[in-house]
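Below, each chain spelled out in residue letters.
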Amino acid sequence: ADDTFSRPVNGTTDEPQSSGWLHRFTVGAYKPYFDVDTSDVVERLKESLFPFRGTFTEKTANNPDLYGPFWICTTLIFVAASIGTFVTYIAHKLKKQEWNYDINLVTWSAGVFYGYVTIVPLALYVVLKYFSAPSGLVQLFCLYGYSLFVFIPALCLSVVPLEIFRWVIAGLAGFMSATFVALNLKAHINSAGERWFLIVVSIFLLQLALSVVLKLYLFTVTV
Amino acid sequence: MSHNDTIPLYQSSQSDIDEIENMMNDSFQSGPGTVLPARPPSPIRPSIPVSSSPFVQSNLPPLPPSSSSSTQKVMPVPAPPPLPSAGNEGNKSIGGSGFGSPPNTLTEPVWDTVKRDLSRIVSNLKLVVFPNPYREDPGKALRDWDLWGPFFFIVFLGLTLSWSASVKKSEVFAVAFALLAAGAVILTLNVLLLGGHIIFFQSLSLLGYCLFPLDVGAVICMLKDNVILKMVVVSVTLAWSSWAAYPFMSAAVNPRRKALALYPVFLMYVSVGFLIIAIN
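Values in this document were obtained by computation on a predicted structure and should not be read as measured data. (Residues numbered from 1 in each chain as written. Chains lettered and ligands numbered in written order. Predicted model: local features only at pLDDT ≥ 70, side-chain atom pairs only at ≥ 80, totals over all residues. Heavy atoms only, no water.)

**Student:** Pulling in residues and values, what's your account of the UniProt feature "transmembrane region" (unreviewed entry) in chain A?
**Tutor:** Residues and elements named next belong to chain A. Residues given the UniProt feature "transmembrane region" (unreviewed entry) here are residues 69-91, 103-125, 137-157, 164-184 and 196-218. Helix makes up 100% of residues 69-91 and strand 0%, and the two end C-alpha atoms of the span are 32 Å apart. Between the C-alpha atoms that bound residues 164-184 there is a distance of 30 Å. The span itself is 100% helix and 0% strand. (UniProt positions renumbered as here; feature names shortened; annotations may be inferred. Helix = DSSP H or I, 4+ residues; strand = E, 2+ residues; numbered from the N terminus.)

**Student:** Talk me through the nonpolar core; I want residue IDs and the actual numbers.
**Tutor:** Core analysis: the largest hydrophobic core is formed by 112 residues, its most contacted members being L148(A), Y269(B) and I276(B). Ignoring anything within four residues of it in the chain, the contact list for L148(A) reads I72(A), C73(A), L76(A), F113(A), V117(A), Q207(A) and L210(A). (Core = buried A, V, L, I, M, F, W, Y, C linked by side-chain atoms within 4.5 Å. Buried < 20%, exposed > 50% of the residue type's maximum accessible area, 1.4 Å probe, protein only. Contact = heavy atoms within 4.5 Å.)

**Student:** Which residues make up the interface of chain A and chain B, and what are the values?
**Tutor:** Frequently, the measure chosen for interface size is the accessible area that the parts lose on association. At the interface, 32 residues of chain A touch 40 residues of chain B. For the pair chain A and chain B, the summed buried surface comes to about 3100 Å²; carbon and sulfur atoms form 67% of the total. At the surface where chain A touches chain B, the tally comes to three salt bridges. Note that R256(B) is salt-bridged to D37(A), the shortest N-O span being 3.2 Å. By residue number, the principal contributor to the side of chain A that touches chain B is helix α3 (residues 67-94) of chain A, which donates nine residues. In the side of chain A that touches chain B, the residues fall into 17 nonpolar, nine polar and six charged. (Buried area = accessible area lost by both parts, 1.4 Å probe. Salt bridge = Lys/Arg side-chain N within 4 Å of Asp/Glu carboxyl O. Nonpolar A, V, L, I, M, F, W, Y, C, P; charged D, E, K, R; others polar.)

**Student:** Go over the confidence of the model for chain A with me, naming the residues and quoting the values.
**Tutor:** In regions of low pLDDT, the predicted coordinates are not meant to be interpreted in detail. All names here are of chain A. Looking at chain A as a whole, its pLDDT mean stands at 82, while 88% of the residues score no less than 70. Looking at the elements of chain A, mean pLDDT is at its lowest for helix α2 (residues 56-60), recorded as 80, and at its highest for helix α6 (residues 151-157), recorded as 91. In this model, residues 9-15 is a region of pLDDT below 50 whose contacts with residues beyond four sequence positions or in other chains number two contacts. (pLDDT = per-residue confidence, 0-100.)

Right, here's the structure in full:
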């Protein structure tokens, strides 16, 4: 069997990076970003539910993790696909219509969530660098990943078949997660000069747009 | 057997065959603690890699002290002695280790190879999935892992789901297969990144074997299309799969990160279970 992956990477007995760019492809290169315990992750999740505190970046400045973002996205894909399926199932059954499982919900939501959490922080990183207010890339991934956590309860609550209720939930979740991202970046953004307001607004709108897109695609049932 | 006595190699092989048979007869008469174990491990298996993962005892009877046995590998001895009964030209062609040729898997009958792999799959399945009072320690990994079993189970699950689907059958198969295969790889990487100690392919193998209950559930759901029955069956098989995977995964990581390693396993099985319920 292959021994490559099970060799423990010890910080103190660090082997010199054998070849610069190949090192990126080893498991050891990413271990520092997964150096969290269960209690850390739970605490960060709880932080994301209180957007107005704005202390998330301070807490994760030394130890940003990629575990949270990745698994929150994956959970979201599953939750979105299953709730979306369930909603259309109920709607069809209530009207006594034929219903078929749409596998594309899974692939579509995978594309949306993974794409959003990968591309938007990357773009933001570039923008912030351009405005001389650099933020670490991993911190941005971490921030955006945890900001999506609030969508999980929101999606679960959207099962209720009241249209207005669904819109309220979508709006609330979008607002909370957008505020979370914006407030936590505020310190960085303030030093970006006059354009900071523009950046904050665009972040905010993007997050709200995500929420609206989710609501429209998953919960629009045409029977 | 040919009467080609001029080849010294064959002669030595033949004498070694006789030697083995004599030793077997002796061991039957003299009781336990003798040279040949009842069912030695497969010689084809590469040597078990040494790593920090816990070393597991298989459920085979303990090997006798190796000093008394030969230095070379011992051949597997199913109930009838294999060499005379295999009776093919290939068995005498190995010159490498003089003490009875290890079965050359290229030239043995296909049925022997298939039977051996099948029996390994069954024994691994019994070790991993079924409550087994003889299991040494549920947290220890499979000693004799293979990838045929997991492959078979994943493909079977994909086919069953695809068969039950009424539309977009090939997409269903593709999603199911990708989800399971990529999921197993990602789960293993997750444990490694969290600082756990496992062997990559051994973990893939274990996660694949733990799919067996979900296979059973999928077949039942395919046969009977009642929603309530499906939910019950899927919940039961899901719990069973998680129970099978739990000891191995939790033993591999630091106890403070146990939930971080276990949650993704649970997530994957729940999503597969959901797929089974939803496909109609």
